[in-house]
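# Summary of the model geometry
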Amino acid sequence: NIIEAGKDFNTTLLVPPFLQTLFEHLDQNLTEKGIYRVSGLEADIKELRSLLDKVKLSTNISHFAPHVVADVLKLYFRELPEPLLTYEFYDQAITELHKVKDKGDEYSVLLRDM
């Protein structure tokens, strides 16, 4: 499944290659209306998930609509066994974010140091 695909990546990278591929595709289509709101075709979503499950390294996904790519990305994050902001650090993160609420640049430094 797509979660397993995320486990096969070089630990020196910040994100698995298939996620980088999804991000790059979305980055090229930022002007698309409702990219995260409008759903893609279910058959295309299943096809892209299947492709990403089989291919461990980045692959060409340019023929997929941005809505499909966004849906696959959302599914990946939704299916993670633990959220990106883990339960262990949630309270600490919220406390620290309240401290820097109005200090934009400090926010990114704080997240980097967590």
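Described in the following lines is the structure provided in the data block. Since this is a predicted model, take the numbers as computed values, not measurements. Each chain carries its own residue numbering, running from 1 in the written order of its sequence. Predicted model: local features are reported for residues with pLDDT of at least 70 only, side-chain atom pairs are reported and counted for 80 or more only, and whole-chain, interface and lining totals are derived from all residues. Side-chain measures were taken over the full set of non-hydrogen atoms in the model, leaving aside hydrogen atoms and water.

## A short note on the overall build of the protein
- Working definition: helices are DSSP H or I runs of at least four residues, strands are E runs of at least two. Numbering for both runs from the N terminus. Along the protein, the regular secondary structure elements total six helices and zero strands.
- Counting helices and strands in the order they occur from the N terminus, the protein gives α-α-α-α-α-α.
- Residue exposure (1.4 Å probe, protein chains only): buried if accessible area is under 20% of the type maximum, exposed if over 50%, otherwise partly exposed. When burial is assessed residue by residue, the protein has 32% of its 114 residues classed as buried.
- In the protein, 66% of the contacts between residues at least 6 apart in sequence involve partners at least 24 apart.
- Accessible surface, the protein: about 8,100 Å² in total, of which carbon and sulfur atoms supply 54%. Contacts are residue-level and defined by heavy atoms, with any inter-residue pair within 4.5 Å sufficient. Note on areas: these come from Shrake-Rupley sampling with a 1.4 Å probe, and a residue is covered only by the protein chains present in the view.

## Quick look at the nonpolar core
- In this structure, Leu-22, Leu-48 and Val-69 are the most contacted members of the largest nonpolar core, which totals 18 residues.
- At the level of elements, α2 (17–27), α3 (42–54) and α4 (66–79) are the ones that each hand at least two residues to this core.
- For this core, the element with the most residues is α4, which contributes seven residues.
- Setting aside residues no more than four positions away along its own chain, Val-69 makes contact with Leu-22, His-25, Leu-26, Leu-48, Ile-61 and Phe-64. Put simply, buried Ala, Val, Leu, Ile, Met, Phe, Trp, Tyr and Cys residues joined by side-chain atoms within 4.5 Å make one nonpolar core.

## Some words on a nonpolar patch on the surface
- Each patch groups residues whose relative accessible area exceeds 30% and which form no salt bridge, using 9 Å between like charges and 5 Å between nonpolar side chains of Val, Leu, Ile, Met, Phe, Trp and Tyr. Salt bridges are defined by distance alone: a side-chain nitrogen of Lys or Arg within 4 Å of a carboxyl oxygen of Asp or Glu. There is a patch of nonpolar side chains on the surface, built from Leu-85, Phe-89 and Tyr-90 and spanning about 270 Å² of accessible area.
- By the element assignment, Tyr-90 lies in helix α5 (residues 87–99).
- With a relative accessible area of 42%, Tyr-90 lands in the partly exposed category.

## Examining the pattern of salt bridges
- Taken as a whole, this structure holds three salt bridges when the rule is applied.
- For Glu-42, the salt bridge is made with Lys-46, and the minimal N-O distance between the two is 3.4 Å. Separated by four residues within a single helix, Glu-42 and Lys-46 lie in helix α3, roughly one turn from each other. For the pair Glu-42 and Lys-46, one class covers both residues: exposed.

## Here we look at the environment of Asp-44
- With respect to the helices, strands and loops of the structure, Asp-44 is situated in helix α3.
- It is 9.7 Å that separates the C-alpha atoms of Asp-44 and Val-72, two residues lying 28 residues apart in sequence.
- In this structure, Asp-44 is in contact with Phe-64 and Val-68, ignoring residues within four places of it in sequence.

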